[in-house]
Amino acid sequence: MLYISGDIHGDYDIHRLSNQNFTQQKDLTKKDYFINAGDFGLVWYGKENTKYYPQQKYWLDWLNDKNFTTLFVPGNHENYDLLLSNEFERIPMFGDEVIKIHSSIFMLQTGHIYTIDGLKVFAFGGAMSIDKQRRTPYISWWPEEIPSASQMKIGLDNLAKLNNKVDLVITHATHKKMFDTLGFDALREKETDPLIPYLTQVQETVEYKA
């Protein structure tokens, strides 16, 4: 079974996964999966940060000990220096390769396709931060939040290998039709997000269930 949410932002919204809010978890096992669709945020402080790392480790351990297995795609509010560092190993999983954060917490890589619980899942993380002017590069904001041209090509190539048919598309950003449907008038500057035309191409050319 798969459950999907997003924007935990570290411990800020971790309460979404409490026993009280996520009541289904009592019946789950490690073969059930919670997928966070970006802004996971629990890999933000390195071990050298003695002030905040212990609290981050507490919540990672707390989440790791849940009945289910946690997967996530990266969002825009992530520490990409840490996520893509040698601190975390890449291991084969779900027919592709994931980044192992904890024994049952894994990052799905952008542009990759995984077979999870019998479903073909296209993962594509990242987005443009509209608040980056108020953030500090490589401390609270990373330009890697925008996937590279290479990652975008890898994504399209992987989809083409499956004749542009998958079951699920997990992203942090969205395509133009959804952006307009949701009426994000307060986020009109997001229209310059390069992921919108990319994900619009995916939305228009890929057959998917959700």
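Structure first, text after, so check above.
Not measured: the values here are computed from a predicted model.

A.B. asks: Can you walk me through the sheet that holds strand S5 (residues 96-102) in this structure?
C.D. replies: Within a beta sheet, neighbouring strands are joined by backbone hydrogen bonds and run either parallel or antiparallel to one another. Pairing within the open sheet is mixed, and its six strands lie in the order S1-S2-S3-S6-S5-S4. Strand pairing shows two members of the sheet lacking a second neighbour, strand S1 (2-5) and strand S4 (90-93), which therefore form its edges. The average undirected angle you get between the axes of adjacent strands in this sheet is 35 degrees. Pairing of S5 with strand S6 (residues 105-108) involves four bridges; the strand directions are antiparallel. Note on S6: the bridge partner recorded for Val98 is Leu108.

A.B. asks: What's the story with the sheet that holds strand S8 (residues 119-124) in this structure? I'm lost.
C.D. replies: Pairing is mixed in the open sheet, where three strands are placed in the order S7-S8-S9. A single partner strand is all that each edge strand has here, and the edge strands are strand S7 (112-116) and strand S9 (168-171). If you compare each strand with its neighbour and ignore which way they point, the axes differ by 30 degrees on average. Note: S7 against S8, five bridges, orientation antiparallel. Its bridge partner being in S8, Thr115 is matched across the sheet by Lys120. Across the sheet, helix H5 (residues 195-205) is in contact with S8 and S9; its angle to S8 comes to roughly 160 degrees.

A.B. asks: Looking at this structure, how should I read the pairing of strand S2 (residues 33-37)?
C.D. replies: The side chains of a regular strand alternate, first on one face of the sheet and then on the other. Across the five residues that make up S2, a large majority, five, are buried. Burial along S2 is two-sided: Tyr33, Ile35 and Ala37 facing one way and Phe34 and Asn36 facing the other are all buried. In terms of strand pairing, S1 meets S2 through four bridges, oriented parallel. Looking at the pairing, Ile4 lines up with Ile35 of S2. Pairing analysis gives five bridges linking S2 to strand S3 (residues 69-73), with the strands arranged parallel. Within S3, the position partnered with Tyr33 by the bridge is Thr69.

A.B. asks: Sorry if this is basic, but what is going on with the side chain of Ser85 here?
C.D. replies: Considering the arrangement of structural elements, one finds Ser85 in the loop between helix H2 (80-83) and S4. Residue classification places Ser85 among the buried positions, given a relative accessible area of 19%. One polar contact links the side chain of Ser85 to the main-chain carbonyl oxygen of Leu82, over a distance of 2.7 Å.

A.B. asks: Even after reading the chapter, I still don't get the packing of aromatic side chains, so can you show me in this structure?
C.D. replies: Within a pair of aromatic rings, the relevant descriptors are the distance that separates the centres and the angle that separates the planes. Within this structure, the stated rule accounts for twelve aromatic pairs. Summarising the aromatic geometry, the rings of Trp44 and Trp142 are spaced 5.3 Å apart at their centres and angled 85 degrees between planes, so their arrangement reads as edge-to-face. Taken together, the residues span a long stretch of sequence, with Trp44 in the loop between S2 and helix H1 (53-64) and Trp142 in the loop between S8 and helix H3 (149-161) at a distance of 98 residues. You can call Trp44 buried: its relative accessible area is 17%. Seen in terms of ring centroids, Trp59 and Trp62 are 5.1 Å apart; in terms of plane orientation they differ by 75 degrees. Their pairing is edge-to-face. With Trp59 and Trp62 both in helix H1 and three residues apart, this pair spans about one turn of that helix.

Calculation criteria
Residues numbered from 1 in each chain as written. Predicted model: local features only at pLDDT ≥ 70, side-chain atom pairs only at ≥ 80, totals over all residues. Heavy atoms only, no water. Pairing = 2+ DSSP bridges. Helix = DSSP H or I, 4+ residues; strand = E, 2+ residues; numbered from the N terminus. Axes fitted to C-alpha atoms, helices over the stretch in contact; angles between N-to-C directions. Contact = heavy atoms within 4.5 Å. Buried < 20%, exposed > 50% of the residue type's maximum accessible area, 1.4 Å probe, protein only. Polar contact = N/O pair within 3.5 Å; in protein donor to acceptor, adjacent residues only side chain to side chain. Phe/Tyr/Trp six-rings, centres within 6.5 Å; stacked < 30°, edge-to-face > 60°.

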